Every structure is written in C-alpha cells, then in structure tokens.
Amino acid sequence: MRLRCAVLDDFQNIATTVADWSAVQDRVEVVSFTEHFATEDELAVALSDFDIAVTVRERIPFRAGLLDRLPRLKLLVASGMRNSVIDYTAAERNGVTVCGTTSSSTPPVELTWALLLGLARGIVTENNALRTGGPWQSTVGADLHGRRLGLLGLGKIGSRVAQVGLAFGMEVTAWSENLTKERADEAGVHLAPSKEELLRGSDFVSVHLVLGERTRGLLGAPELALLKPTAYVVNTSRSAIVDQDALLAALHEGRIAGAGVDVFDIEPLPGDHPMRTAPRLLATPHLGYVSHSNYRTYYGQAVEDIEAYLAGNPVRRLG
C-alpha cells in the first residue's frame, strides 16, 4: 500500500515538476495543495489521511493541538533547517519524524535589493502611471551613492546585502547585539555604536536578523521615530521584528519616506488587511525564498528526506 504525501502551500503548483519524485513514486502518492489552509481545523481534516506532509518555511504552525489530531502522520518535512512553529516535543510524542532542507541566502538578498531599488526610484508609481496614461515623471528618485545603508544584522544575508551596498558606493553600517568590530571590519562595514545611532544616521535601514525573544518588536514606535523623514525601511526577515502597527502609523503619517516589506503578521494576507492599502509601501507576498534554485533544493531534498525515512535512516533531522 502506497503512503500518501501532502505538499502544502504549493501556490505556483510547481512542487511535483521542479524536482524529480521518481525515486519514491512507486511507494508514495503525492498530492499538492495550491490553496492555503487558514485554520487548524481545516488542516486537521485535510491531512487526516496523509502519512507525510511537506510544508514551506514557517507559514503553517504544527503545534501540539494539530499534531495530536493527526495519528496517521509519521514524517514532516519543512523547507529550511530552522523552524520555530513546529512543536518538536509533540512531534516526538506522536511518533512524527521532522526533517528539513538546506536553503540559499541568495534569493532574499536579491529581493532585498529589488525592494530597496523599487522604493528609491519610485518604480511602481512610475510604471503604473506609464501603463495607465498618467503623468510623465511624477517622482524624484532617492540616490544610493554616498548615502548610508544601515543593516540590522550582518549574518549570511546581511553581509551579502552589505556587499551590494558597497558596490553602489554607499556607506554601510551595521548593528546587532552580538556584532563585533572584527566581524564588521571583515565585511568592510562600520560598526554602529548602538541601534539608536544606526537608525538616526541611516538613509536606508534593512532588517536581517533571526526572530527571537531579543529581536521581537526590535523596531517599535520609539525606534521608528528616530528615523529621518527621508529614510526607508526594508524588512525581508521576519514580520515580528518590526512592529507592524507602528510601521503602518509611520507610513500613514508620512514620518518616513517609505517601506519595503516581504513578511507579514498573517500569511497569506486577508483581503482587508491594512498592509494591502498602506501608503508609501512596496509590499511583496513573502517572495524572499521563492526562486527556481531554492524550490529545486526544497523539493529535491524533500524527496531525499522521504527516501531516507523509508529506508529507515532519516537525514537532516530537526528538533
């Protein structure tokens, strides 16, 4: 009897074609779900007759309440090697093996710059005007050369964002609680003496931190108030690092020039969510990891994870 595998949130309907599933197809029936299940009840019903589930990033929480309702589930594969919304204790209690995949930092670096450049040069505004018979030139672009890029976080992604900023001729500064001068010097950037100093002096601020207790709400109303009225904020990391209500208030009141956001407190965004209509906001539907190369890795290694589990030797275990 073939096992059943559910591939969740396959919005582009690409999971079964971007990777080769032939290694397991004689033992596993793969069913792709292109629509998001928004509630635990919906998920519990949808996954009730599946032995394996493949989930993307941290969009779907696999809490104890859900795992306890899925007695047939035995393998959970999550893209990436870090996942904060899986209850690993509950998974172990229910006999569910949890495995991950590797992930490239290149796509989020590139999207960060797509958002930053789109904001700086008013790309969406000008493109919409051009396509609809609007005014010929209505914005004045913000220069990058000679301006200061402030990075919150200088890890794998932040350091590569810094390289691009330096190539544009920007002055790049960085800060995080554990960042040392040696690490900043190695990346060719200045170490900001404090988060507050970085915010006060930056023309562009980009967030590249891991979400945790120390970074949750790191940029709230007091911190956003430190920014210049001509400054831009870009967040391709985690929504909870930047207080969403405070950011919306700053945008509506014109206290910052704009923001580029790829992550949200609810995903997918409800149709009436205020982030859909906020002024001065360039927003994308969590595309940071969405690229052909990453998807080939995610789903290709998901197949490897399934094959290894069936062989009794799970790989890339999480938890």
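Here's what I pulled together on the structure shown here. This one's a predicted model, so the numbers in the text were calculated from it and none came from an experiment.

## Quick look at the packing of aromatic side chains
Inference 1: What the rule picks out here adds up to 8 aromatic pairs.
Inference 2: Between Phe33 and Phe37, the ring centres sit 5.2 Å apart and the planes meet at 65°, which makes this aromatic pair edge-to-face.
Inference 3: Exposure remark for Phe33: the relative accessible area of 18% places this residue in the buried category.
Inference 4: Where Phe33 meets Phe50, the ring centres are 5.8 Å apart and the plane angle is 70°; that geometry is what we call edge-to-face. Of this pair, Phe33 sits in the loop between strand E2 (28-32) and helix H2 (40-46) while Phe50 sits in the loop between H2 and strand E3 (52-55), placing them 17 residues apart in sequence. No difference in accessibility class separates Phe33 from Phe50, as the two residues are buried.
Inference 5: Sitting over the ring of Phe50, Arg4 keeps its end group 4.3 Å from the ring centre.

## Focus: helix H11 (residues 244-252)
Every α-helix carries 3.6 residues per turn, so stepping three or four residues along brings you back to the same face.
Inference 1: Taken together, the buried positions of H11 are occupied by Gln244, Ala246, Leu247, Leu248, Ala250 and Leu251.
Inference 2: The elements touched by buried residues of H11 are helix H10 (221-224), strand E11 (258-261) and strand E12 (281-283).
Inference 3: Between the side-chain oxygen at the start of H11 and the backbone nitrogen of Asp245 there is a gap of 3.1 Å, and the oxygen is on Asp243.
Inference 4: Gly254 lies just past H11 and shows a positive phi near 70°.

## A closer look at unusual backbone geometry
Inference 1: Residue Pro268 is reached from Glu267 by a cis peptide bond, and omega for that bond is -5°.
Inference 2: Take Pro268: it is sitting in the loop between E11 and E12.
Inference 3: Here the phi dihedral of Asn13 falls at roughly 55°; this positive angle occurs in a residue that is not glycine.
Inference 4: With respect to the secondary-structure elements, Asn13 resides in the loop between strand E1 (3-7) and helix H1 (15-18).
Inference 5: Residue Arg57 is not a glycine yet carries a positive backbone phi of 55°.

## Here's the deal with the pairing of E3
Inference 1: Burial of the side chains of E3 extends over both faces: Ile52 and Val54 are buried on one face and Ala53 and Thr55 on the other.
Inference 2: The pairing of E1 with E3 spans 3 bridges and is classified as parallel. The residue bridging Val7 from the neighbouring strand is Val54, located in E3.
Inference 3: Pairing of E3 with strand E4 (residues 75-78) involves 4 bridges; the strand directions are parallel. Paired with Ala53 across the bridge in E4 is Leu76.

## Concerning the sheet that holds strand E8 (residues 190-191)
Inference 1: The 7 strands are arranged E8-E7-E6-E9-E10-E11-E12 in an open sheet whose pairing can be described as parallel. Two strands bound the open sheet, and with one partner strand each, they are E8 and E12.

## Side note on the nonpolar core
Inference 1: Formed by 29 residues in total, the largest nonpolar core has its most connected members in Leu152, Leu227 and Leu247.
Inference 2: Counting residues per element, the ones that place at least two in this core are helix H9 (195-201), strand E9 (204-207), H11 and E11.
Inference 3: What Leu152 contacts, discounting residues up to four positions off in sequence, is Trp175, Lys195, Leu198, Val205, Ser206, Val207, His208, Leu209 and Leu219.
Inference 4: Core analysis: the next-biggest nonpolar cluster, separate from the first, contains 25 residues, Leu116, Leu144, Ala162 and Val189 among them.

## Looking at the sheet that holds E2
Inference 1: Read across the sheet, 5 strands follow the order E2-E1-E3-E4-E5 without closing on themselves; strand pairing throughout is parallel. A single partner strand is all that each edge strand has here, and the edge strands are E2 and strand E5 (97-100). Mean inter-strand twist for the sheet, computed between neighbouring axes without regard to direction, equals 20°.
Inference 2: With 4 bridges joining them, E4 and E5 adopt parallel strand pairing. Bridge assignment links Leu75 to a residue of E5, and that residue is Thr97.

## Details of the side chain of Ser159
Inference 1: Locating Ser159 in the fold gives a position in helix H7 (residues 156-167).
Inference 2: Here the side chain of Ser159 touches Gly155 through a polar contact of 2.7 Å, landing on its backbone oxygen.
Inference 3: Polar side-chain contacts of Ser159 include one of 3.3 Å to the backbone oxygen of Lys156.
Inference 4: The contacts of Ser159, once residues within four sequence positions are left out, are Leu154 and Arg183.

## What about the packing of helix H5 (residues 106-120) against H7?
Inference 1: For the pair H5 and H7, interaxial distance at closest approach is 9 Å and the crossing angle is 45°. Viewed along their axes, H5 and H7 adopt a mutual orientation that is oblique. Considering only the axes of H5 and H7, their crossing is right-handed. Along its contact with H5, which presents Thr106, Pro108, Val109, Thr112 and Trp113, the element H7 presents Ile157, Arg160, Val161, Val164 and Gly165.
Inference 2: Here the residues of the contact of H5 with H7 sort into 6 nonpolar, 3 polar and 1 charged.

Reading the values: the criteria
Residues numbered from 1 in each chain as written. Predicted model: local features only at pLDDT ≥ 70, side-chain atom pairs only at ≥ 80, totals over all residues. Heavy atoms only, no water. Phe/Tyr/Trp six-rings, centres within 6.5 Å; stacked < 30°, edge-to-face > 60°. Buried < 20%, exposed > 50% of the residue type's maximum accessible area, 1.4 Å probe, protein only. Helix = DSSP H or I, 4+ residues; strand = E, 2+ residues; numbered from the N terminus. Lys NZ or Arg CZ within 6 Å of the ring centre and 35° of its normal. Contact = heavy atoms within 4.5 Å. Polar contact = N/O pair within 3.5 Å; in protein donor to acceptor, adjacent residues only side chain to side chain. Pairing = 2+ DSSP bridges. Core = buried A, V, L, I, M, F, W, Y, C linked by side-chain atoms within 4.5 Å. Axes fitted to C-alpha atoms, helices over the stretch in contact; angles between N-to-C directions. Parallel < 35°, antiparallel > 145°, perpendicular 65-115°, else oblique. Left-handed = near helix turned anticlockwise from the far one by under 90°. Nonpolar A, V, L, I, M, F, W, Y, C, P; charged D, E, K, R; others polar.

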